[in-house]
Amino acid sequence: MKITVVGTGYVGLVTGTCFAETGIDVTCVDIDKKKVQMLLNGEVPIYEPGLDNLLARNLEKGRITFTTSLAKGIQGSDAVFIAVGTPPDEDGSADLKYVLGVAREIGQHMDDYKVIITKSTVPVGTSFKVKKAVQEELDKRKVDIPFDVASNPEFLKEGSAVDDFLKPDRIVVGIENDRAQKTMKRLYKPFLMNGHPLLFMDIFSSEMTKYAANSMLATKISFMNDIANLCELVGANVDLVRKGIGSDARIGNKFIYPGTGYGGSCFPKDVQALIRTADEHGHSLEVLKAVENVNYRQKSKLVEKIKGHLGTNLNGKQFGIWGLSFKPKTDDMREAPSLVIIEQLKAMGAQVRVYDPVAMEEAKHSLGETVVYAKDEYDACIEVDALILVTEWSEFRMPNFRILEKIMNQKLIFDGRNVYDPEEMRELGFQYYSIGRETIN
Ligand code: NAD
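Residues numbered from 1 in each chain as written. Predicted model: local features only at pLDDT ≥ 70, side-chain atom pairs only at ≥ 80, totals over all residues.

With an unreviewed UniProt entry as reference, the protein chain is termed UDP-glucose 6-dehydrogenase, source organism Maribacter algicola. According to its UniProt record, the protein chain has this under Pathway (unreviewed entry): "Nucleotide-sugar biosynthesis; UDP-alpha-D-glucuronate biosynthesis; UDP-alpha-D-glucuronate from UDP-alpha-D-glucose: step 1/1." In its Catalytic activity (unreviewed entry) section, the UniProt entry covering the protein chain states "UDP-alpha-D-glucose + 2 NAD(+) + H2O = UDP-alpha-D-glucuronate + 2 NADH + 3 H(+)". (UniProt positions renumbered as here; feature names shortened; annotations may be inferred.)

A. Broad picture of the site of the ligand. Surveying the vicinity of the ligand reveals 26 residues, the closest of which are Gly7, Gly9, Val11, Ser120 and Thr121. Of all the secondary structure elements, the ones that give two or more residues to the shell around the ligand are helix H1 (10-21) and helix H5 (97-109). A per-class count over the shell around the ligand returns eleven nonpolar, ten polar and five charged. (Near = placed C-beta within 6 Å. Helix = DSSP H or I, 4+ residues; strand = E, 2+ residues; numbered from the N terminus. Nonpolar A, V, L, I, M, F, W, Y, C, P; charged D, E, K, R; others polar.)

B. Main features of the nonpolar core. Counting 75 residues, the largest nonpolar core has Val6, Val80, Phe81 and Ile82 as the members making the most contacts within it. Each of domain 1 (2-201) and domain 2 (211-297) gives at least three residues to this core. If we skip the residues at most four places from it in the chain, Val80 touches Thr4, Val6, Ile74, Ile106, Lys114, Ile116 and Ile117. The next biggest cluster of nonpolar side chains, apart from the first, holds 43 residues, and it includes Ile342, Val354, Tyr355 and Met425. (Core = buried A, V, L, I, M, F, W, Y, C linked by C-beta atoms within 7 Å. Buried ≥ 20, exposed ≤ 12 C-beta atoms within 10 Å, placed from the backbone. Domains from an automatic or database assignment. Contact = placed C-beta atoms within 7 Å.)

C. Just the UniProt feature "binding site: substrate" (unreviewed entry) in the protein chain, in detail. Here the UniProt-annotated "binding site: substrate" (unreviewed entry) positions come out as Phe155, Leu156, Lys157, Glu158, Lys210, Phe255, Ile256, Tyr257, Pro258, Gly259, Gly263 and Lys327. Spatial dispersion of the annotated residues is evident: they stretch over 173 residues in sequence, and the largest pairwise C-alpha distance comes to 23.7 Å. Within the fold, Lys210 resides in helix H9 (residues 203-234). Under the C-beta neighbour-count criterion, Lys210 is labelled buried, with 24 such atoms within 10 Å. Not counting residues within four places of it along the chain, the set of residues in contact with Lys210 comprises Thr121 and Pro153. Within the secondary structure, Phe255 sits in the loop between helix H10 (238-246) and helix H11 (267-280). According to the C-beta neighbour criterion, Phe255 is partly exposed, with 15 such atoms within 10 Å. Among all residues touching Phe255, those that are not within four sequence positions of it are Leu217, Lys220 and Ile221.

D. Local environment of the UniProt feature "domain: UDP-glucose/GDP-mannose dehydrogenase C-terminal" (unreviewed entry) in the protein chain. Mapped onto this numbering, the UniProt entry annotates "domain: UDP-glucose/GDP-mannose dehydrogenase C-terminal" (unreviewed entry) at residues 320-422. What you have in residues 320-422 is 26% helix and 17% strand, and the ends, taken at the C-alpha atoms, are 20 Å apart.

E. Structural view of the environment of Asn194. Position of Asn194 relative to the elements: it lies in the loop between helix H8 (178-188) and strand S8 (198-201). By the C-beta count within 10 Å, which is 9 here, Asn194 ends up exposed. Distance from Asn194 to Arg104, taken between C-alpha atoms, is 37 Å for residues 90 residues apart in sequence.

F. Geometry of the sheet that holds strand S10 (residues 351-355). Across the sheet, six strands lie side by side as S11-S10-S9-S12-S13-S14; this open sheet has parallel pairing. Across the chains shown, the open sheet's two edge strands, defined by having one partner strand only, are strand S11 (372-373) and strand S14 (431-433). Taken strand by strand, helix H13 (residues 301-310) contacts strand S12 (386-389), strand S13 (412-415) and S14, and its axis lies near 155 degrees from that of S13. (Pairing = 2+ DSSP bridges. Axes fitted to C-alpha atoms, helices over the stretch in contact; angles between N-to-C directions.)

G. Unusual backbone geometry, seen in detail. The backbone of Glu383 sits at a positive phi, close to 55 degrees, despite the residue not being glycine. Turning to its location among the elements, Glu383 is positioned in the loop between S11 and S12. The backbone of Asn418 sits at a positive phi, close to 50 degrees, despite the residue not being glycine. With respect to the element layout, Asn418 can be found in the loop between S13 and helix H17 (422-428).

H. Local environment of the domain arrangement of the protein chain. Entries for the protein chain in the domain assignment read domain 1 (2-201), domain 2 (211-297) and domain 3 (299-433). Its C-alpha centre places domain 2 at a distance of 24 Å from the equivalent point of domain 3. The partner domain 3 presents 15 residues to the twelve residues of domain 2 that form the contact. Take the side of domain 2 that touches domain 3: its biggest share by element is three residues, from helix H12 (residues 286-298). A breakdown of the residues in the side of domain 2 that touches domain 3 according to their chemical character gives three nonpolar, seven polar and two charged.

Structure representation (structure tokens):
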């Protein structure tokens, strides 16, 4: 079989490489020439554990190639996956210009039957817009080439994307007929070895499933952040509450960790887009609106604690930030809480030193020269008035506190991920703030 994947971002590149690993002939298309050249040289433009080795192996075997030409890339393909970005429009709805642009281009160049699969996260009904866009181009060319559309939302997580793709919890596919179903079954058969289900459904339900999944996850996070904030007020410890509720199988212990709010390229925009879809249908998604509000508030939570301790004039104060990416094991800075925290600190006159194990280069696109980029986690703490832990990279778990107390101006930590033990902080003589737990002052 031969497939084409259009868009080589976090989703497209992982999709293409993992399909190549099953022996399929894969062509990846991207408009970004620099990216395509890097990929042809075996260089992975994003940080995603395990992806470089997998790509190198499949490039060497000649099972994957990259091009900027969609016309060439789709020649002879049985299936074309659209995996380009769907950023939020000004009103929060998903901007479909990239997806529909690709659909039109496919219609302009295809010359035999294909299944055209939307893998990007798109609002309900988009696959039919893709179908219309392709058909319009075929009509302009006055050619009659059969094709099917399908919806195949992606559930991979940045940081464990390769593993998630190779061993998915489930694969969701929306189809209209048996022909498309047969192709999708063949493509995904190699990923079903561990008993994970391949769920076929209608296209509307498939598109909706992706938004419902992300919205449910975002809801868990906002719920737990709200509970953590209340824990602080009533003197409860959210760590214990989390364990207490998480051991109930109906609730489960995943995704109930409080923090500085969710970020990343998916949850914020997908929650907004679903709210928008519902509004368009005259239905107000009250739970999700609250989820969004709580998340917005949570991103300022650490800064509120900082203001409470140090006041609102931070002129002459310096802070060390540990972790910039929106979560560990990725360089993705999209909607990262660190950006909000840094902006607020700078607005109050503070100087900021930052360190992240992999996201420093990516962070420079947003932060420019407004902060000092430290060479390691200790360098980020030299002469700072407080350390702020924003992203829980594993290398921040067991720092040498004796070094920290020597290099910091004062022994003060704001922990946005509850990584350290308050009791240990007390014994070490640090003033310590975390989320939903006792403050050590
Ligand atoms: P991304 O921004 O990392 O990558 C998109 C790529 O598409 C870029 O390389 C861009 O150059 C390319 N592109 C844009 N227009 C193009 C065109 N006309 N032709 C060819 N290439 C084009 O995006 P991503 O994070 O991979 O997300 C892609 C989609 O998958 C989005 O809809 C997103 O919501 C969804 N998704 C993302 C994740 C995630 O964790 N990142 C997970 C599941 C689903």
